[in-house]
Structure formats: C-alpha cells, structure tokens
Amino acid sequence: MLRIRVLHGPNLNLLGSREQSIYGSLSLDAVDSAITKLADELAVKVDLRQSNSEGELVTWIQEARSEYDGIIINPAAYTHTSVAIRDAIAAVGLPTVEVHLSNIHQREEFRHRSYVSGVAIGQISGLGSTGYLLALRGLHDHLIASRRGKNTPAQSRSRRTAKGRK
Ligand code: CA2
C-alpha cells in the first residue's frame, strides 16, 4: 500500500471561517475528509497534518523519509519564505507535490516566488480544494509508475536535469 503524508501550513486551520472568496468555503476537516475518501478509493494510506510552526513542518517532512512514499504540501505563507522547508524536502528526496488553493501567480508579486517548487515534482495552484485531490491522483500515478520503472514526465525531467540538460 502506498503511503502519503499531507501537510497543511500556517493559518489553513482557518479555512472556511473567513476569506472564503480566496480560499473557498470548505473547512480544513472537510478538505481532509475529501482527501481521505479519495485515498481509500486509491488504496493509499494518508496521514494528514496542519501546523502553524515552520519547525514542526520541517520535522514532519524529515520523519516522512522512513514511513512514507511521498508528500503533498501546501506550505501556505512559508512557500514564499522558507529555505528550511525547501531544504527538508530536498534532503528527504521523497516525491513531493506542492498545492495552493488560490492561484499564487495571479496574486501579489511576493506570492509569485515559491521556494518549494524547485524541489517538487509539480505544483497545483488555483483550483481550490480540488487541487489536493489532483495532487493525490498525480502523486499516486507517479509512485506506481516509479515502482514499475516507467517514466513519468517528472522522472524524465529530473533525469535530464541530472545530466545537465534542462
Ligand atoms: O493559496 C494557497 O493555498 C496559499 O498557500 C494560502 C496561504 C497564502 O499565504 C499563500 O500565498 C497561498 C494562506 C493560507 C491562509 O489561509 C487562510 C484561510 C482562511 C482564512 C484566512 C487564512
């Protein structure tokens, strides 16, 4: 059974309570329930966590190395500031998908830069909570293809980059 850790960053515990026009009306519990339902259908074990603390997120990423096959993360505001979270993802080497509820590229300039995207296999931004479900399907397919030794676009890309080609 594939195992995926899902991490929600700071303030996402407030989902559904305010800023609904930007982040949607679902609570974090409702988002997590939808993720769990799809994970059951895909026969994936998911571990869902939220923290307002950068250090706690770093610890959970590090711990995932021994227990999980991949990570889905919405680093929230730490997306735009955290070298520590980027370094942790790079260090564990687990395939990681970055999710944002809003389209960070259509928002303020400071949200356009992500420290995480360079170490993620992909980024989903602007599709609301559906983004987590797409990330789960995408990461599931990526992990299955990896087990079978088949190439996904992300694997081909990292192989080309390792050989010095873009
Ligand atoms: O669009 C996203 O998912 C973000 O990661 C959300 C972050 C923001 O800093 C990123 O630029 C984009 C903010 C999460 C705050 O969530 C709230 C939810 C409800 C009410 C207030 C904040």
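Computed from a predicted structure; not experimentally measured. (Residues numbered from 1 in each chain as written. Predicted model: local features only at pLDDT ≥ 70, side-chain atom pairs only at ≥ 80, totals over all residues.)

(A) Seen up close, the site of the ligand. In the region of the ligand, 16 residues are neighbours, and Asn11, Ala77, His100, Leu101 and Ser102 sit closest. Looking at side-chain class alone, the shell around the ligand contains eight nonpolar, five polar and three charged residues. (Near = placed C-beta within 6 Å. Nonpolar A, V, L, I, M, F, W, Y, C, P; charged D, E, K, R; others polar.)

(B) Spatial organisation of helix α3 (residues 54–67). Between its first and last C-alpha, α3 extends 20 Å over 14 residues, near the 20 Å set by a 1.5 Å rise per residue. All buried positions along α3 are accounted for by Leu57, Ile61 and Ala64. Looking straight down α3, one finds its buried side chains confined to an arc of 55°; they lie on one side. Turned more than 90 degrees away from the buried face of α3, the exposed residues are Gly55, Ser66 and Glu67. Looking at the buried residues of α3, the elements they touch are β1 (2–8), β3 (70–74) and α4 (83–92). (Helix = DSSP H or I, 4+ residues; strand = E, 2+ residues; numbered from the N terminus. Expected span 1.5 Å × (residues − 1). Buried ≥ 20, exposed ≤ 12 C-beta atoms within 10 Å, placed from the backbone. Arc of directions from axis to C-beta. Contact = placed C-beta atoms within 7 Å.)

(C) Up close: the pairing of β1. The buried count for β1 comes to five of seven residues, which makes it a mostly enclosed element. Taken together, the seven bridges between β1 and strand β2 (residues 44–50) define a ladder with parallel strand orientation. Its bridge partner being in β2, Leu2 is matched across the sheet by Val44. (Pairing = 2+ DSSP bridges.)

(D) How the structure looks around the environment of Gly70. Mapped onto the secondary structure, Gly70 falls in strand β3. The exposure class of Gly70 is buried, given the 24 C-beta atoms found within 10 Å. Separated by 42 residues in sequence, Gly70 and Leu28 have C-alpha atoms that sit 21 Å apart. Contact partners of Gly70, with chain neighbours within four places excluded, come to Ile4, Leu94, Pro95, Thr96, Leu139 and Leu143.

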